[in-house]
Amino acid sequence: MTPTAEPAQGDHRATYREVLAEPRFRLLFVTRAVAITADILRITTFSVLVFSATGSASLSAAAFGIGFIPQLFGSLLLGSLADQLPPRALITGGYALTCAAALLLALVRMPVAASLSVVALVSLATPVFHGASSRLVAESLKGDAYVLGRSLNNIAGAGAQLLGLALGGATVAALGPRRALAASAVLYLGCALAIRIRLPRLQPGESGGTPGSAGSDSGAVRASLRGAGLLLRRRTVRRLMLAQWLPVAFVAGSQGLLVAYSGERHFAPGWYAVLMGCLPVGMLVGDLLVGRLLRPPTRERLVVPLIALTGLPLVGFAAQPGVGVASCLLLLSGLGYAYQLGLQRPFLNALPQDGRGQAFSLLGAGSITLQGIGAVCLGAMAAAIGTGGAIALAGGVVALSAGWILTWHPPASPVPVPNCSTGSENSTEQHACSPPAQ
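About the criteria used
Residues numbered from 1 in each chain as written. Predicted model: local features only at pLDDT ≥ 70, side-chain atom pairs only at ≥ 80, totals over all residues. Heavy atoms only, no water. Helix = DSSP H or I, 4+ residues; strand = E, 2+ residues; numbered from the N terminus. Buried < 20%, exposed > 50% of the residue type's maximum accessible area, 1.4 Å probe, protein only. Contact = heavy atoms within 4.5 Å. Areas by Shrake-Rupley, 256 points an atom, 1.4 Å probe, with all protein chains shown as cover. Axes fitted to C-alpha atoms, helices over the stretch in contact; angles between N-to-C directions. Parallel < 35°, antiparallel > 145°, perpendicular 65-115°, else oblique. Left-handed = near helix turned anticlockwise from the far one by under 90°. Nonpolar A, V, L, I, M, F, W, Y, C, P; charged D, E, K, R; others polar. Disulfide = S-S within 2.5 Å. Core = buried A, V, L, I, M, F, W, Y, C linked by side-chain atoms within 4.5 Å. Phe/Tyr/Trp six-rings, centres within 6.5 Å; stacked < 30°, edge-to-face > 60°. Salt bridge = Lys/Arg side-chain N within 4 Å of Asp/Glu carboxyl O.

**Digging into the overall build of the chain**
Alright, step 1. Tallying secondary structure elements over the chain gives 18 helices and 0 strands in all.
Alright, step 2. Evaluated residue by residue, the chain yields a buried proportion of 52% over its 438 residues.
Alright, step 3. Considering only contacts within the chain whose residues lie at least 6 apart along the sequence, 87% involve residues at least 24 apart.
Alright, step 4. Of the roughly 17,800 Å² that the chain leaves accessible, carbon and sulfur atoms contribute 67%.

This is the structure we're talking about:
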């Protein structure tokens, strides 16, 4: 893997209009937003279907989370394919595969174990086509336009989650769970057709990568494990991944306790959904404000304060607040999620150009997996100290992670120097021309 050397971008501030004017990004942006809506619809509907068939809360929870943890293994074992295969075929195939799985669950009455296995197997491939899509975004948008592209994806993701939750409840009520699963399959099929028809036929190295470089001399699994090892041995990459994983894992885990918190506090029926919606609303507003109003160096200087903003409001749950105060605390916490925008440019600059697809695959899969683990761990803590105490504990851990990041994250990432010589691929230290190890 060779280090990336991007041209100097300075503190130029891009605009959302400029980002959306790029046709390739616009296509990937729209299809991903539709796919997230379909994901939420499929996940919640499948959970309802399993509960209605078994009456088991534990199996229903397993149905909700079965697609999370396998993604890390998929990234580790297959992640190199995101850099080796043509992106159009890979992304189209990914959406087609999830469409087929949703149709299978909708049309075939299988034992619960078999249906859970189907979802788990499909989730192994999910990081690969997500990694290919993220790589295309990084190659299509340069400088601050890339950061705003990630901001738009975050905004669309938050909105799609809210739409998926609302659509899931309405569709299940109107059509039943199996037809609702079929509706999610239709959305996936639309995404697959849009990518197949509208995305140009590009080879892996056509827009800057090195085709097959990660695994031309070995199998996909061996190449993926080797590539993941090379990425994680880079201290800068490893730290920036952890900085994007840890706060989100604990905050998402605390969100999983909101139903139980509402029950303990005897809130009126339906208020748990309001509380759960506050975080994505805060995320949407925070990304809009930070992405649109602040210049790149300012975003990077605000990484640590925004992480603290993500965690500290949750500490207030130790006082067992009512609905109004709890909603405000969750909204404030969601605003802090915009800290990730300040890490996008340093992270992209730290990646080897011929391993970007695998890096994005690993980043997304690790985040999803840790969110699932965070929810399980905080659920166990809630049994000992109550849900309010567990949510407050999660906020405290996030605030501590802000202190850790403060020890190595610079106020603004340096602009990498172009035309640097490359060093040994197996070196675990930073090259002289790479972004410095923080």
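Further notes follow.
**Brief notes about the environment of Leu-370**
Alright, step 1. In this fold, Leu-370 is placed in helix α18 (residues 356–406).
Alright, step 2. A relative accessible area of 26% means that Leu-370 is categorised as partly exposed.
Alright, step 3. When the C-alpha atoms of Leu-370 and Gly-253 are compared, they prove to be 8.9 Å apart, with 117 residues separating the residues in sequence.
Alright, step 4. Setting aside its immediate chain neighbours within four residues, Leu-370 contacts Trp-245 and Ala-249.

**Observations regarding the packing of helix α2 (residues 23–54) against helix α7 (residues 112–140)**
Alright, step 1. Running from amino to carboxyl end, α2 crosses α7 at an angle of 165°, the nearest separation of the two axes being 12 Å. The orientation of α2 relative to α7 falls into the category roughly antiparallel. Relative to α7, α2 is oriented so that their crossing is left-handed. Contacts from Arg-24, Phe-25, Leu-28, Arg-32, Arg-42, Phe-46, Val-50 and Thr-54 in α2 reach Val-112, Ser-115, Leu-116, Val-119, His-130, Ser-133, Leu-136, Val-137 and Ser-140 in α7.
Alright, step 2. For the contact of α2 with α7, the residue count by class is 9 nonpolar, 5 polar and 3 charged.

**What to know about the state of the cysteines**
Alright, step 1. Evaluation of the coordinates by the stated rule reveals 0 disulfides.
Alright, step 2. Left unpaired, Cys-328 is separated from the closest cysteine sulfur, that of Cys-278, by 7.9 Å.

**Quick look at the nonpolar core**
Alright, step 1. With 84 residues, the main nonpolar core has Tyr-95, Tyr-146, Phe-317, Leu-330, Phe-347 and Leu-351 as its most contacted residues.
Alright, step 2. Ranked by residues supplied to this core, first place goes to α18 with 12 residues.

**Describing the packing of aromatic side chains**
Alright, step 1. Throughout the structure, instances matching the rule amount to 6 aromatic pairs.
Alright, step 2. Judged by centre distance (5.5 Å) and plane angle (65°), the rings of Tyr-95 and Phe-129 are edge-to-face. Of this pair, Tyr-95 sits in helix α6 (residues 87–107) while Phe-129 sits in helix α7, placing them 34 residues apart in sequence. We note that Tyr-95, like Phe-129, is buried.

**Some details on the pattern of salt bridges**
Alright, step 1. The full count for this structure, using the stated rule, is 6 salt bridges.
Alright, step 2. Between Asp-39 and Arg-32 there is a salt bridge whose closest N-O contact spans 3.7 Å.
Alright, step 3. A relative accessible area of 17% means that Asp-39 is categorised as buried.
Alright, step 4. A salt bridge links Asp-39 to Arg-42, with the shortest nitrogen-to-oxygen separation between them at 4.0 Å. With a gap of 3 residues between them, Asp-39 and Arg-42 both fall in helix α2, about one helical turn apart. This pair shows no difference in class: Asp-39 is buried, exactly as Arg-42 is.
Alright, step 5. Connected through shared salt-bridge partners, Arg-32, Asp-39 and Arg-42 make up one network.

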